[in-house]
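Here is how the chains run, residue by residue.
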Amino acid sequence: MYYKRNPQFFFRYLSEKERQRLLEKLKSDYRQIVLKYFSQLETLNQEIDNFVHQAFFADISVSRIVEIHMELMEEFSKQLKLEGRSEEVLLDYRLTLIDVIAHLGEMYRRSIPREL
């Protein structure tokens, strides 16, 4: 799988406009994952896999995914404060980040060619 990646589509080689578009798509997809994370939806794992697939083939770093997570948690925190609610519930969403990073790590692990 690793060798199927086309460096031409790596984040660092995209134009500024393409980078923005990709980041907005990733942020939107991640927002949906977070909003659905504690539900019993059977499609959630597939949504995480789709997100990770996009990140993997665009060579998005784990630190960029952490940034996306932190920005989203900041937005949610502000909204909760406006509503007069506690933001402690956001701590549970660290599990979402761990899950996504674990999926990404597994994708990288599987992409390494096996020695014969």
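Each remark here, short or long, concerns the structure printed above.
Just so it is clear, the model here is predicted, and its values are computed rather than measured. (Residues numbered from 1 in each chain as written. Predicted model: local features only at pLDDT ≥ 70, side-chain atom pairs only at ≥ 80, totals over all residues. Heavy atoms only, no water.)

Participant: I'm lost on a nonpolar patch on the surface in this one. Help?
Facilitator: Judged by side-chain polarity, Phe38, Leu95 and Ile98 come together as a nonpolar surface patch covering roughly 300 Å² of accessible area. As for its placement among the helices and strands, phenylalanine 38 is situated in the loop between helix 1 (16-36) and helix 2 (44-57). Using a relative accessible area of 43% as the deciding quantity, one classes phenylalanine 38 as partly exposed. (Patch = residues over 30% accessible without salt bridge, like charges linked within 9 Å, V, L, I, M, F, W, Y side chains within 5 Å. Areas by Shrake-Rupley, 256 points an atom, 1.4 Å probe, with all protein chains shown as cover. Salt bridge = Lys/Arg side-chain N within 4 Å of Asp/Glu carboxyl O. Helix = DSSP H or I, 4+ residues; strand = E, 2+ residues; numbered from the N terminus. Buried < 20%, exposed > 50% of the residue type's maximum accessible area, 1.4 Å probe, protein only.)

Participant: Honestly, helix 4 (residues 94-111) in this entry has me stumped. Any pointers?
Facilitator: Given 3.6 residues per turn, any residue in an α-helix points the same way as the ones three and four places further on. For helix 4, with 18 residues, the first-to-last C-alpha span of 26 Å sits near the 26 Å given by 1.5 Å per residue. Here helix 4 has its buried residues at Thr96, Leu97, Val100, His103, Leu104, Met107 and Ser111. One side of helix 4 holds all its buried residues, which, seen down the axis, span an arc of 130 degrees. In helix 4, the exposed positions angled more than 90 degrees off the buried face are occupied by Arg94 and Ile98. (Expected span 1.5 Å × (residues − 1). Arc of directions from axis to C-beta.)

Participant: Hey, could you run me through the packing of helix 2 against helix 4 in this one?
Facilitator: Helix-helix packing: each pair is described by the crossing angle between the helix axes and the interaxial distance. Close contact between helix 2 and helix 4 brings their axes to 9 Å; oriented N to C, the two are set at 60 degrees. Here helix 4 runs oblique to helix 2, going by the angle between their axes. Handedness of the crossing formed by helix 2 with helix 4: right-handed. Only Asp99, Val100, His103, Leu104, Met107, Tyr108 and Ser111 of helix 4 make contact with helix 2, whose side of the interface consists of Asn45, Ile48, Asp49, Phe51, Val52, His53 and Phe56. Classifying every residue of the contact of helix 2 with helix 4 gives 8 nonpolar, 4 polar and 2 charged. (Axes fitted to C-alpha atoms, helices over the stretch in contact; angles between N-to-C directions. Parallel < 35°, antiparallel > 145°, perpendicular 65-115°, else oblique. Left-handed = near helix turned anticlockwise from the far one by under 90°. Contact = heavy atoms within 4.5 Å. Nonpolar A, V, L, I, M, F, W, Y, C, P; charged D, E, K, R; others polar.)

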